[in-house]
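Take a look at the letters that make up each chain.
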Amino acid sequence: MRYLPAIGSAYGVEVLDFAALRSMDTRHRRVLPQRPDFHVFALVVSGAGAHEADFHNYRLTEGSAVWIRPGMVHRWSDIDACDGQLVLFRPGFLSGFTTAETTAPACWHLDPQRLDLALLAAEHLGREHDATARTPRLASAALLSHLLAALMLRALPDAPAPTRVNRSSSRSAEVFRAYRSAVEEHFTHWHHVADYAQALGYDVRTLTRATRAATGTGAKTFLDQRILLEAKRLLAQTNLPVTSCARRLGFRDVGNFTTFFRRQAATPPAAWRAAYGAADTRGS
């Protein structure tokens, strides 16, 4: 799903609400899997509903925040009773948030005080957004970007309390960040931790220790989970044959891909797709 801004929203950000989303989506396509190439941020002010992001289900209640990043597969399972703000924005419009984007959850909850403050920030962004639509000479991409950053900073969940960091743990975190970035760039054709170790200049044990310290799993498991996630995204959101999915993910033949998927997901890819599609039908 590509970003198609409304008239007056040419600066890479658009502000609307759940009511507007429902009115634009009379065919209820929102309950089907979508994979946007833009960010979707939402605040639930009232009501209750359900949302799915990368195959995890979340209940939406007052104070729920949702952040869908580009490439994630998601669907609004049930938002008929939800009210609140939605902000759509292009990649790059929110600068300096790389770490937050990769570590923030898809859904979390704000307490009443933080929700009130986040809504004030969203209202300010919405007012400036409306002003740029009505009076283009007032438009300022920089202003809208800063207001969006203020909203996200206000709404993001608190970071873990700082702990005493020694040189060893700091280096471990640095190693993991490098590994995570490399996996994101190369997972469709590098399926062995040794490939990353060679490219990054570390040995496999160093990557494994660093990944386990950061995520609780080893480097190989981390890599396999990323490949599996992309496999599920392709199976859920496209009509590509399983053979084509295998090629996109760098598997030499569909048999190797099926073996990998079955080992990771406990079911063959075609069966997983059929089950997910049946769930789509029930949800719609």
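Reading the values: the criteria
Residues numbered from 1 in each chain as written. Predicted model: local features only at pLDDT ≥ 70, side-chain atom pairs only at ≥ 80, totals over all residues. Heavy atoms only, no water. Helix = DSSP H or I, 4+ residues; strand = E, 2+ residues; numbered from the N terminus. Expected span 1.5 Å × (residues − 1). Buried < 20%, exposed > 50% of the residue type's maximum accessible area, 1.4 Å probe, protein only. Contact = heavy atoms within 4.5 Å. Polar contact = N/O pair within 3.5 Å; in protein donor to acceptor, adjacent residues only side chain to side chain. Core = buried A, V, L, I, M, F, W, Y, C linked by side-chain atoms within 4.5 Å. Phe/Tyr/Trp six-rings, centres within 6.5 Å; stacked < 30°, edge-to-face > 60°. Lys NZ or Arg CZ within 6 Å of the ring centre and 35° of its normal.

Trainee: Looking at this model, I keep getting lost on helix H3 (residues 112-134). Mind explaining?
Mentor: Every α-helix carries 3.6 residues per turn, so stepping three or four residues along brings you back to the same face. The end-to-end C-alpha distance of H3, which contains 23 residues, comes to 32 Å, matching closely the 33 Å that a straight helix rising 1.5 Å per residue would cover. The complete set of buried residues in H3 reads Arg-114, Leu-115, Ala-118, Leu-119, Ala-121, Ala-122, Leu-125, Gly-126, His-129, Ala-131 and Thr-132. Buried residues belonging to H3 abut strand S1 (13-17), strand S2 (39-46), strand S7 (83-89) and helix H4 (141-155). Where H3 begins, one side-chain oxygen reaches toward the backbone nitrogen of Gln-113, 3.1 Å away; that side chain belongs to Asp-111.

Trainee: It is not clear to me how the nonpolar core should be interpreted in this structure. Could you clarify?
Mentor: Side chains of nonpolar character tend, in soluble globular proteins, to be buried together. Formed by 32 residues in total, the largest nonpolar core has its most connected members in Tyr-179, Tyr-196, Leu-207 and Phe-257. Looking at this core, the elements with two or more residues in it are helix H5 (167-186), helix H6 (193-200), helix H7 (204-215), helix H8 (219-237), helix H9 (242-248), helix H10 (254-265) and helix H11 (269-283). Element by element, the count of residues in this core is highest for H8, at 9 residues. If we skip the residues at most four places from it in the chain, Leu-207 touches Val-175, Tyr-179, Val-193, Tyr-196, Ala-197, Leu-200, Tyr-202 and Ala-219. Residues Val-15, Leu-43, Trp-67 and Leu-110 belong to the second largest nonpolar core, which totals 28 residues.

Trainee: In this structure, what is going on with the packing of aromatic side chains? I would like to understand it.
Mentor: The geometry of an aromatic ring pair is captured by the separation of the ring centres together with the interplanar angle, meaning the angle of the planes. This model, assessed by the stated rule, comprises 13 aromatic pairs. Pairing Phe-261 with Trp-272 gives two aromatic rings, centres 6.2 Å apart and planes at 70°, and the pair type is edge-to-face. A residue pair is termed long-range when its members are at least 10 positions apart, and Phe-261 in helix H10 and Trp-272 in helix H11 qualify at 11 residues. Taken together, Phe-55, Phe-251, Phe-257, Phe-260, Phe-261, Trp-272 and Tyr-276 form an aromatic cluster joined through their ring pairs. Between Arg-69 and the ring centre of Trp-67, over which it is positioned, the NZ or CZ distance is 4.9 Å.

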